[in-house]
Amino acid sequence: MKLEIIIAGFGGQGVLSMGKILAYAGLMEDKEVTWMPAYGPEQRGGTANVTVIVSDDKISSPILSSYDVAIVLNQPSLEKFESKVKPGGIIIYDSNGIVEPPTRKDVEIYRIDAMEAANEMNNTKAFNMIVLGGLLKLRPVVTIESVMKGLKKSLPERHHHLLPMNEQAIMKGMEIIKKA
């Protein structure tokens, strides 16, 4: 098993931390992982992205030109990465940030209304965990238990009381992701 993922959106949407938590979860399961963020002024509202590879075998390079899965959370990210998904791959998009949905016919396209769900939960910070739940429903590359361990490792201890809410967000994402 090897899954090559790009997660892209606006700075502040939790794109980099979603990738980091996924990478930590892979490490918890003794998988080979890479986590390669790309940001700069993006942290202040531009686009940010992170490449994550989770594999049972050694990873030859963290640099990719095509992906098995693209999670795109805004229109500029969709425009940049839609064409870079391998035929037969998956595009996951949040309906809130995308005006013109993906149009490719050679990939599976899934919509997740994560921002809407985060608002219903009264916690917009849960947005990225909802999206991660959607990914794990489609490609269970790591277990939820490992994700929770990774989340606990990446959150400062003063925020550990938020772990149950984050687990609920992951479950919500698994419920609401649907084929577009």
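Q: How should the sheet that holds strand β6 (residues 108–112) be read in this particular structure?
A: In a beta sheet, neighbouring strands pair by backbone hydrogen bonds and run either parallel or antiparallel. Spatial strand order, β2-β3-β1-β4-β5-β6-β7: 7 strands in an open sheet with mixed pairing. The open sheet has two free edges, formed respectively by β2 (32–38) and β7 (178–179), since each of these has just one partner strand. Across 7 bridges, β2 lies against strand β3 (residues 47–55) in antiparallel orientation. Across the sheet, the residue bridging to Val 33 is Val 54, located in β3.

Q: Explain the packing of aromatic side chains to me, please; I cannot follow it from the model alone.
A: Here a ring pair, both rings aromatic, is described through the centre-centre distance and the interplanar angle of the planes. On inspection of all chains with the given rule, the structure shows 1 aromatic pair. Ring geometry for Tyr 67 and Phe 81: centres 6.1 Å apart, planes at 85 degrees, overall edge-to-face. Of this pair, Tyr 67 sits in strand β4 (residues 67–72) while Phe 81 sits in helix α2 (residues 75–81), and the two are 14 residues apart along the sequence. The burial state of Tyr 67 is the same as that of Phe 81; both residues are buried.

Q: What am I meant to see in helix α6 (residues 163–176) here?
A: In an α-helix, one full turn covers 3.6 residues, which means residues spaced three or four apart are oriented alike. Between its first and last C-alpha, α6 extends 20 Å over 14 residues, near the 20 Å set by a 1.5 Å rise per residue. In this structure, the buried residues of α6 make contact with β6, α4 (127–138) and α5 (144–154).

The rules we used
- Residues numbered from 1 in each chain as written.
- Predicted model: local features only at pLDDT ≥ 70, side-chain atom pairs only at ≥ 80, totals over all residues.
- Heavy atoms only, no water.
- Pairing = 2+ DSSP bridges.
- Helix = DSSP H or I, 4+ residues; strand = E, 2+ residues; numbered from the N terminus.
- Phe/Tyr/Trp six-rings, centres within 6.5 Å; stacked < 30°, edge-to-face > 60°.
- Buried < 20%, exposed > 50% of the residue type's maximum accessible area, 1.4 Å probe, protein only.
- Expected span 1.5 Å × (residues − 1).
- Contact = heavy atoms within 4.5 Å.

These figures come from the coordinates and say nothing about function on their own.
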